Amino acid sequence: MKRITLILYNSYDKKRWHEAHKRAIARAAPVCWAYNCNLAIMDFPVEDVEEVKEISTTIGDSGKYLRMLIENNKFFIVDKFLSQFGIPIASTSKPDKKKSITPEETIGLLTKKPIGIFIGLGRHGLPKDILEFSKYHLDITKKGISLETCTAIGCIPATLYWVGEMYDSRSYKRG
């Protein structure tokens with residue numbers, strides 16, 4: 001399998017560093033570490049990794065997993081989608097029917113290329129330009145159920161991990 005990069009897209013204030021930004025990063029880091037994903041933050045009001053390293057919180061073992069991602073070159077601060085992230089996928093409960101992809105189909109993509117999955121922070125979710133830019137739209141629930149940001153941060157990698165495990169075990173049994 002290729003690598004997943006979770007891309008937290010800032011739809012909060014783009015000029016001021018808020019507690020919500022810090023908490024989202026702190027929550028995503030242990031999930032990314034647990035499920036072997038990269039973590040990227042996009043359009044955050046931060047310029048370098050040192051500012052992010054200083055996040056102090058009780059979440060994620062006081063920043064332990066964030067530091068581990070940083071030390072292992074699995075954390076990125078970006079203002080645009082990087083080609084190394086692979087195929088851009090928007091997480092949304094309202095996928096465009098022409099772009100809709102299931103978790104199982106996403107795993108099929110991961111056998112060939114890495115993927116970058118956008119997750120919008122805040123109640124507005126992802127902006128229209130990100131939805132249009134993304135090649136696919138993933139509704140991780142397959143039921144059109146809108147998830148709170150932190151729930152999505154946990155559900156997306158976990159679901160893809162276990163779907164991938166099932167895919168690998170079936171391939172192994174056939175081989």
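Data block above holds the structure.
Only a predicted model underlies this, so the values are computations on that prediction, with no experimental measurement involved.

### Here's the deal with the sheet that holds strand 7 (residues 136-138)
Read across the open sheet, the seven strands follow the order 3-2-1-6-4-7-5; overall the sheet is parallel. The open sheet has two free edges, formed respectively by strand 3 (75-78) and strand 5 (100-101), since each of these has just one partner strand. The pairing of strand 2 (residues 38-42) with strand 3 spans four bridges and is parallel. Its bridge partner being in strand 3, Ala40 is matched across the sheet by Phe76.

### Details of helix 4 (residues 103-110)
Taken together, the buried positions of helix 4 are occupied by Pro103, Thr106, Ile107, Leu109 and Leu110. Seen along its axis, helix 4 keeps its buried residues to an arc of 155 degrees; they face one direction.

### Regarding the packing of aromatic side chains
In this structure the tally under the stated criterion is seven aromatic pairs. Aromatic pair Phe76 and Phe85: ring centres 5.4 Å apart, planes at 70 degrees, arrangement edge-to-face. Just as Phe76 is buried, Phe85 falls in that class too. On the numbers, 5.7 Å between centres and 40 degrees between planes, the contact of Phe81 with Phe118 is tilted. Residue Phe81 is located in the loop between strand 3 and strand 4 (87-91), and its partner Phe118 is located in strand 6 (residues 115-120); the two are separated by 37 residues in the primary sequence. Phe118 carries the same exposure label as Phe81, and that label is buried. Every member of this aromatic cluster is reached through a ring pair, and the members are Phe76, Phe81, Phe85, Phe118 and Phe133.

### Quick look at the pattern of salt bridges
Applying the stated criterion across every chain, the model contains one salt bridge. Two residues, Lys142 and Glu104, come together in a salt bridge whose shortest N-O distance is 3.2 Å. Within this pair, whereas Lys142 is found in the loop between strand 7 and helix 6 (149-174), its partner Glu104 is found in helix 4, the two being separated by 38 residues in sequence.

### Examining the side chain of Thr106
Within the fold, Thr106 resides in helix 4. Here Thr106 is in contact with Ile89, Ile101, Ile115, Leu138 and Leu160, once residues within four sequence places are set aside.

### Structural notes on the environment of Glu104
Judged by relative accessible area, which is 40%, Glu104 ranks as partly exposed. For the pair formed by Glu104 and Met42, sequence separation is 62 residues and the distance between their alpha carbons is 26 Å. Setting aside residues no more than four positions away along its own chain, Glu104 makes contact with Lys142 and Val163. Only 3.2 Å separates the side chain of Glu104 from the side chain of Lys142, close enough to count as a polar contact.

How each quantity is defined
- Residues numbered from 1 in each chain as written.
- Predicted model: local features only at pLDDT ≥ 70, side-chain atom pairs only at ≥ 80, totals over all residues.
- Heavy atoms only, no water.
- Pairing = 2+ DSSP bridges.
- Helix = DSSP H or I, 4+ residues; strand = E, 2+ residues; numbered from the N terminus.
- Buried < 20%, exposed > 50% of the residue type's maximum accessible area, 1.4 Å probe, protein only.
- Arc of directions from axis to C-beta.
- Phe/Tyr/Trp six-rings, centres within 6.5 Å; stacked < 30°, edge-to-face > 60°.
- Salt bridge = Lys/Arg side-chain N within 4 Å of Asp/Glu carboxyl O.
- Contact = heavy atoms within 4.5 Å.
- Polar contact = N/O pair within 3.5 Å; in protein donor to acceptor, adjacent residues only side chain to side chain.

Just geometry here; none of it tells us what the structure is for.
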